[in-house]
Amino acid sequence: MTTLYAHRGASRMCPENTMAAFRQAVREKADGIELDVQLSKDHKAVVIHDEAVDRTTNGTGEVKDLTLAELKSLDAGSWQNAACKEETIPTLEEVLAWIKGTDMKLNVELKTDVYPYEGIEQIVLEQLDRYGLKERTVISSFNPETLKRVRQLDGTIRLAVLVWDETKGMVKLAQKLKAEAIHAKKDFMFTKEAVKAAQAGIPIRLYTINDLSELDGISLSSIEGIFTDEPAKLRKELAAMLL
Ligand code: G3P
Ligand code: MG
């Protein structure tokens, strides 16, 4: 069975990385949600993809230069859907408090590829622990240094190596970190690293697939999971394949 993660929540229907998008992911029968975490000026873990708030809110400036109160005053919904004008940038804690009452899996992506956000690893691990969510959470990052710090702080937390364009050495990194999976774009499947991953028994989850035809012949049996903006559509397509 292919695990479906709602990418930034069910972000086709609802503004990405908002509570509306996470709740929609449940309605769309995703198995889990993926979200992006950064730190505010006052070191609070907040859920937002870009380093700047400009694209997804009515504000301007970088997340790292704005306090939580300033971030919380922004409208994070109207840019995508006027009906979602009440949506704000969630704190990680808000999402954890909500997800605890569901059976959803969680992928926390630490967005440290531009700014390293000193201390983010400890803050996130502490919150996952406090909410008792470590077992159903996998932490990923494009930044290997971030993943190494997470592993140093916690010997058992589930990790995934997140791959952008440079694929070389990713299987070795995953092995060194005792990561459970590699999260990659579909092109990864056509590289030598994908063969090495299969040989090493490391599962691969692909982002971002919004139509199964995008898999270009990649066998579903060769991937363990998919990140999608449209879980309901993918769920339907997967079911149709089994008929
Ligand atoms: O974690 C998968 C995916 O979210 C990585 O890319 O840019 O959407 O965070 P991005
Ligand atoms: Mg992400």
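Scroll up a little and you will see the structure.
Residues numbered from 1 in each chain as written. Chains lettered and ligands numbered in written order. Predicted model: local features only at pLDDT ≥ 70, side-chain atom pairs only at ≥ 80, totals over all residues. Heavy atoms only, no water.

1. Quick notes on the layout of surface pockets
Unoccupied space between atoms shows up once a probe the size of one water molecule is rolled over them. The volume enclosed by the largest pocket comes to roughly 230 Å³. Along the walls of the largest pocket sit 18 residues, with His 7, Glu 109, Lys 111, Phe 142 and Tyr 207 positioned nearest its centre. Each pocket or cavity is described by its volume, and for the second largest pocket that value is around 160 Å³. Forming the boundary of the second largest pocket are Met 1, Thr 2, Leu 220, Arg 235, Leu 238, Ala 239, Met 241 and Leu 242. Classifying every residue of the lining of the second largest pocket gives 6 nonpolar, 1 polar and 1 charged. (1 Å grid on protein atoms, 1.4 Å probe; cavity = no way out; pocket = protein on both sides within 12 Å on 5 of 7 lines; lining within 4 Å. Points joined across faces, edges and corners; volume = space filled by probe spheres on them. Nonpolar A, V, L, I, M, F, W, Y, C, P; charged D, E, K, R; others polar.)

2. A word on the packing of aromatic side chains
Tallying each qualifying case throughout the model produces 4 aromatic pairs. An angle of 25° between the planes, with centres 5.2 Å apart, marks the rings of Tyr 5 and Phe 227 as stacked. In this pair, Tyr 5 sits in strand 1 (residues 3-7) while Phe 227 sits in strand 9 (residues 225-228), placing the two residues 222 residues apart along the sequence. The burial state of Tyr 5 is the same as that of Phe 227; both residues are buried. Centroid distance Phe 142 to Trp 164: 5.9 Å. Interplanar angle 85°. Geometry classified as edge-to-face. Of this pair, Phe 142 sits in the loop between strand 5 (137-141) and helix 5 (144-153) while Trp 164 sits in the loop between strand 6 (158-162) and helix 6 (170-176), and the two are 22 residues apart along the sequence. Classification of Trp 164 as exposed rests on a relative accessible area of 54%. Of the aromatic side chains, those joined through ring pairs into one cluster are Phe 142, Trp 164 and Tyr 207. (Phe/Tyr/Trp six-rings, centres within 6.5 Å; stacked < 30°, edge-to-face > 60°. Helix = DSSP H or I, 4+ residues; strand = E, 2+ residues; numbered from the N terminus. Buried < 20%, exposed > 50% of the residue type's maximum accessible area, 1.4 Å probe, protein only.)

3. Quick look at the pairing of strand 1
Within strand 1, 5 of the 5 residues are buried, leaving the element largely enclosed by the surrounding structure. Across the two faces of strand 1 the burial is the same, with Thr 3, Tyr 5 and His 7 and Leu 4 and Ala 6 all buried. Remark: the strand 1/helix 1 (residues 19-27)/strand 2 (residues 32-39) crossover connection has right-handed handedness. (Right-handed = clockwise from strand over helix to strand, strands pointing away.)

4. So, the packing of helix 1 against helix 3 (residues 92-99)
Taken N-terminus to C-terminus, the directions of helix 1 and helix 3 make an angle of 25°; their axes are 11 Å apart at the nearest point. It follows from the interaxial angle that helix 1 and helix 3 lie roughly parallel. Read as a crossing pair, helix 1 and helix 3 show a hand that is right-handed. Only Glu 94, Val 95 and Trp 98 of helix 3 make contact with helix 1, whose side of the interface consists of Met 19, Phe 22, Arg 23 and Val 26. (Axes fitted to C-alpha atoms, helices over the stretch in contact; angles between N-to-C directions. Parallel < 35°, antiparallel > 145°, perpendicular 65-115°, else oblique. Left-handed = near helix turned anticlockwise from the far one by under 90°. Contact = heavy atoms within 4.5 Å.)

5. Points about the site of ligand 1
Close to ligand 1 lie His 7, Arg 8, Glu 34, Asp 36, His 49, Glu 109, Lys 111, Phe 142, Leu 162 and Tyr 207. At a separation of 2.7 Å, an oxygen atom of ligand 1 approaches a polar side-chain atom of Arg 8. Here Asp 36 contributes a side-chain N or O atom positioned 3.2 Å from an oxygen atom of ligand 1. The pocket occupied by ligand 1, as judged from atoms lying within 2 Å of grid points, is the largest pocket. Residue composition of the shell around ligand 1, grouped by class: 3 nonpolar, 2 polar and 5 charged. (Near = heavy atom within 4 Å. Polar contact = N/O pair within 3.5 Å; in protein donor to acceptor, adjacent residues only side chain to side chain. Sits in = over half its atoms within 2 Å of the grid points.)

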